[in-house]
Amino acid sequence: MSGVSELVRWDAARLAEGLRAKVVSSEEVVQAHLERIEAVDGPTSGENPDGVHAFLHVDAEGALARARRIDADRAAGAVLGPLAGVPIGVKDVLTTRGMPTTCGSRMLEGWVPPYDATVVRELHGAGLVVLGKTNMDEFAMGSTTEHSAFGPTRNPWDPTRIPGGSGGGSAAALAAFEAPLTIGSDTGGSIRQPAAVTGTVGVKPTYGGVSRYGLVALASSLDQAGPCGRTVLDTALLHAVIAGHDPYDSTSIPEAVPDVVGAARLGAGGDLTGVKVGVVRELSGEGYEPGVLARFTEALDELRAAGAEVVELSLPNIVHALAAYYLILPSEASSNLAKYDGMRYGLRVTPAGDGVTAEQVMRATRAAGFGDEAKRRIILGTYALSAGYYDAYYGSAQKVRTLVQRDFAAAFGQVDVLVSPTAPTTAYRLGEKLDDPLAMYAGDVATIPANLAGIPGMSLPVGLSDGLPVGLQVLAPQQADDRLYRVGAALEARLTATWGGPLLAQVPEWKGLSA
Amino acid sequence: MSTISRPEVEHLARLARIDMTDEELDRMAGQLGAVLDAVQQVASVVSDDVPATSHPVPLTNVTRPDVVRPGLSAEDALAAAPEAEDGRFRVPQILEEDA
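Residues numbered from 1 in each chain as written. Chains lettered and ligands numbered in written order. Predicted model: local features only at pLDDT ≥ 70, side-chain atom pairs only at ≥ 80, totals over all residues.

(A) How the structure looks around the overall build of chain B. For chain B, the count of helices and strands is four helices and two strands. Shown N-terminal to C-terminal, the secondary structure of chain B runs as helices and strands in the order α-α-α-α-β-β. Relative to the compact-globule value of 13 Å for 99 residues, chain B shows a C-alpha radius of gyration of 23 Å, a clear excess of over 25%. Once the C-alpha set of chain B is aligned to its principal axes, its extents read approximately 55 × 45 × 25 Å. (Helix = DSSP H or I, 4+ residues; strand = E, 2+ residues; numbered from the N terminus. Rg over C-alpha atoms; globule rule 2.2 N^0.38 Å.)

(B) Focus on the overall build of chain A. For chain A, the count of helices and strands is 16 helices and eleven strands. Radius of gyration (C-alpha) of chain A: 22 Å, near the 24 Å computed for a compact globule of 515 residues. Taking the principal axes of the C-alpha coordinates as reference, chain A spans close to 70 × 55 × 50 Å. Within chain A, buried positions represent 63% of all 515 residues. Of the contacts made within chain A by residues no fewer than 6 positions apart, 76% connect residues no fewer than 24 positions apart. (Buried ≥ 20, exposed ≤ 12 C-beta atoms within 10 Å, placed from the backbone. Contact = placed C-beta atoms within 7 Å.)

(C) Structural view of the pairing of strand β2 (residues 87-91) of chain A. All names here are of chain A. Of all five residues in β2, five are buried, a share of seventy percent or more. Residues P87, G89 and K91 line one face of β2 and the alternating positions I88 and V90 line the opposite face, and both faces are buried. As paired strands, β2 and strand β3 (residues 129-134) are joined by five bridges and run parallel to one another. Note on β3: the bridge partner recorded for I88 is V130. Following the chain from β2 across helix α4 (residues 118-125) to the adjacent parallel β3, one finds a crossover that is right-handed. Looking at chain direction, β2 and strand β4 (residues 181-185) are connected through two bridges and run parallel. Its bridge partner lying in β4, G89 is registered against T182. (Pairing = 2+ DSSP bridges. Right-handed = clockwise from strand over helix to strand, strands pointing away.)

(D) Focus on unusual backbone geometry. Residues and elements named next belong to chain A. A cis amide bond, omega 10°, links G165 with the succeeding residue S166. Although it is not a glycine, F139 sits at a positive phi angle of roughly 50°. When you line up the elements, F139 lands in the loop between β3 and α5 (168-175). The phi dihedral of A140 falls on the positive side, at around 70°, and the residue is not glycine. Along the chain, A140 falls in the loop between β3 and α5.

(E) Expanded view of the sheet that holds strand β10 (residues 457-465) of chain A. All names here are of chain A. Ordered by their spatial adjacency, eleven strands build an open sheet running β1-β3-β2-β4-β6-β5-β10-β11-β9-β7-β8, and the pairing between neighbours is mixed. Among the strands making up the open sheet, the edge pair consists of β1 (55-58) and β8 (309-313). In this sheet, neighbouring strand axes are inclined to one another by 30° on average, regardless of whether the strands run parallel or antiparallel. (Axes fitted to C-alpha atoms, helices over the stretch in contact; angles between N-to-C directions.)

(F) Looking closely at the interface of chain A and chain B. Chain A puts 56 residues into the contact, and the matching count from chain B is 46 residues. Sorting elements by how many residues they give to the side of chain A that touches chain B places helix α13 (residues 391-412) of chain A first, with eleven residues.

(G) Representation of the nonpolar core. Residues and elements named next belong to chain A. Counting 177 residues, the largest nonpolar core has I88, V129, A324, L327 and I379 as its most contacted members. Top element by residues in this core is helix α10 (residues 321-336). It accounts for ten residues. Residues contacting V129, with those up to four places away along its chain left out, are S26, V30, A63, R66, A67, I70, G85, V86, P87 and I88. (Core = buried A, V, L, I, M, F, W, Y, C linked by C-beta atoms within 7 Å.)

(H) Seen up close, the packing of helix α7 (residues 232-242) of chain A against helix α8 (residues 260-267) of chain A. Residues and elements named next belong to chain A. Where α7 contacts α8, the two axes come as close as 8 Å, and the packing angle between them is 165°. In terms of orientation, α7 and α8 fall into the roughly antiparallel class. The crossing of α7 and α8 is left-handed. In contact with V232, L233, A236, L237, H239 and A240 of α7, α8 contributes V260, V261, A264 and R265. In the contact of α7 with α8, the residues fall into eight nonpolar, one polar and one charged. (Parallel < 35°, antiparallel > 145°, perpendicular 65-115°, else oblique. Left-handed = near helix turned anticlockwise from the far one by under 90°. Nonpolar A, V, L, I, M, F, W, Y, C, P; charged D, E, K, R; others polar.)

(I) Local environment of the packing of helix α12 (residues 372-384) of chain A against helix α1 (residues 6-15) of chain B. Where α12(A) contacts α1(B), the axes come no closer than 9 Å and their chain directions differ by 95°. On the basis of the axis angle, α12(A) is roughly perpendicular to α1(B). Together, A:I379, A:T382 and A:Y383 of α12(A) and B:V9, B:L12, B:A13 and B:L15 of α1(B) make up the contact between the two elements. Grouping the amino acids of the contact of α12(A) with α1(B) by side-chain chemistry returns six nonpolar, one polar and no charged.

(J) Highlighting helix α16 (residues 481-499) of chain A. The terminal C-alpha atoms of α16(A) lie 27 Å apart, and with 19 residues this matches the ideal 27 Å at 1.5 Å per residue to within 8%. Directly after α16(A), the chain includes A:G500, whose backbone phi takes a positive value near 75°. (Expected span 1.5 Å × (residues − 1).)

(K) Highlighting the pairing of strand β6 (residues 225-229) of chain A. Residue and element names in this part refer to chain A. In terms of burial, β6 is a largely internal element, five of the five residues being buried. Looking at chain direction, β4 and β6 are connected through five bridges and run antiparallel. Its bridge partner lying in β6, L181 is registered against G229. Relative to β6, strand β5 (residues 201-204) is paired through two bridges, and the arrangement is antiparallel. Its bridge partner being in β6, V201 is matched across the sheet by G229.

(L) Up close: the confidence of the model for chain B. All names here are of chain B. When the pLDDT values of chain B are averaged, the result is 89; 95% of them are 70 or greater. Looking across chain B, the model is least confident in helix α3 (residues 42-45), with a mean pLDDT of 88, and most confident in strand β1 (residues 84-85), with 96. At the level of chain-chain contacts, confidence expressed as ipTM amounts to 0.93, with global pTM at 0.97. (pLDDT = per-residue confidence, 0-100.)

Here's what the structure looks like:
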């Protein structure tokens, strides 16, 4: 790459600096990213056999118009936010006024929402330029992005492999240099696991730290929108834009947002003296690939070298978190997805014949509009909530949730942050676990506990195993999101020094399946 | 083995308002049985004295001042409707012919 296209390699902090200093214009930056998307993403609609397919919808005209407006405002001397003029991709689970929002589902194909999600409104307010909407597993149910009704996203490190999920599009867009920043959502790991398998950074904020208004609900007590970037600082800059109380979301936290940007800058010095790091015994060892464990162990050495005190501790109930999650999530999902009934918006399928009733239309609409994984979870949730099973399944799962929260509370009485591998494996092959839901669910074992407890978590890259990225997860107590950034930035600074540059500098140039 | 029978899946699909083919019902029964096997451990690890947690952050009765503010227009709200008429959603008949 050379000339203007080199801009797609810049991280968001560098782009912001270049824009502020008027070294580059937002129009140039946006144009470079649109050209990059055109070159590697493939057609933006329909199934694409050979592109990254990180985007479901690209709004080139709208993005360029907005970029020109930001440039004009800057030229006129307007006071702009730190990320003004920087392009961004938004997971297709957040509503965008005037721009399609499908949630990766046939049910919402062609739906254009009449309002912006609060997160999207915040992005516009801060002057970020939305390039388009990123691919995802249908209604955020899945860990591979293969459950998108519009075809899978490919992993930029290896086009035959999954980019993680459900936010595979948001993570792949970063790793393929199609966008410097993206928004994701994390119900059981959908920001962190894709970050891990694509060598990018992703943060699930404290539950309630970022508004859920306009975030299409999967499981309301677990869902959390969050920032994705190529560096810890970029992710913090975006976190600061989207976090904060929202009167439109009654579950959003009224307290002040922790200083995540300050923490990232502090951590970048590489010093963690006085920080206590706990290694979760239950989240490593059996079931984790040797290559993943090797990179994790090396990262622990780096944390020690940075001055952190690293201790191992046990969270005994965490081993039941996966089971509890796969009862709580389907239960809440079956309720949230009940609204797709073909009456007010989205797909409507009317069976042939006279005297067709609303209920027949609903059944036909939901049969045609939902994919396999969505149907599986709706049926499972309906079962877990039904009379006679409620106490044994949903009720017990909620009690396990209490035990997991207690374990975290006890652990954070002893250490400042907890760490584990983000996922037990590197990216597996497309199709490998498509017909084995249990095997796919097992990949969420390390990320799910944070959602049950409402605590914040980050995944950041800690190296490669057989040429594929490995992620490390950092967890902190509720409302202590800043700790993720301090520890993450310190680890990133030390690892980047040993690699001689960012890990993503090693991602092969995209050649599709012909590679 | 906590099996889930095919008629049971058929019943659940009816409750969830999803038409399913015979092939889908067969496949779903097998897969759900396997998932239920894996998750039923939750019942054996908790005791009666553990309270249930429904929400990660304790919140009660969030209120806001009752003031008029702009909302969606009827036109915006109906813009994506499969069918609309006279400023309202038009839906298929909700009762059976002979009901």
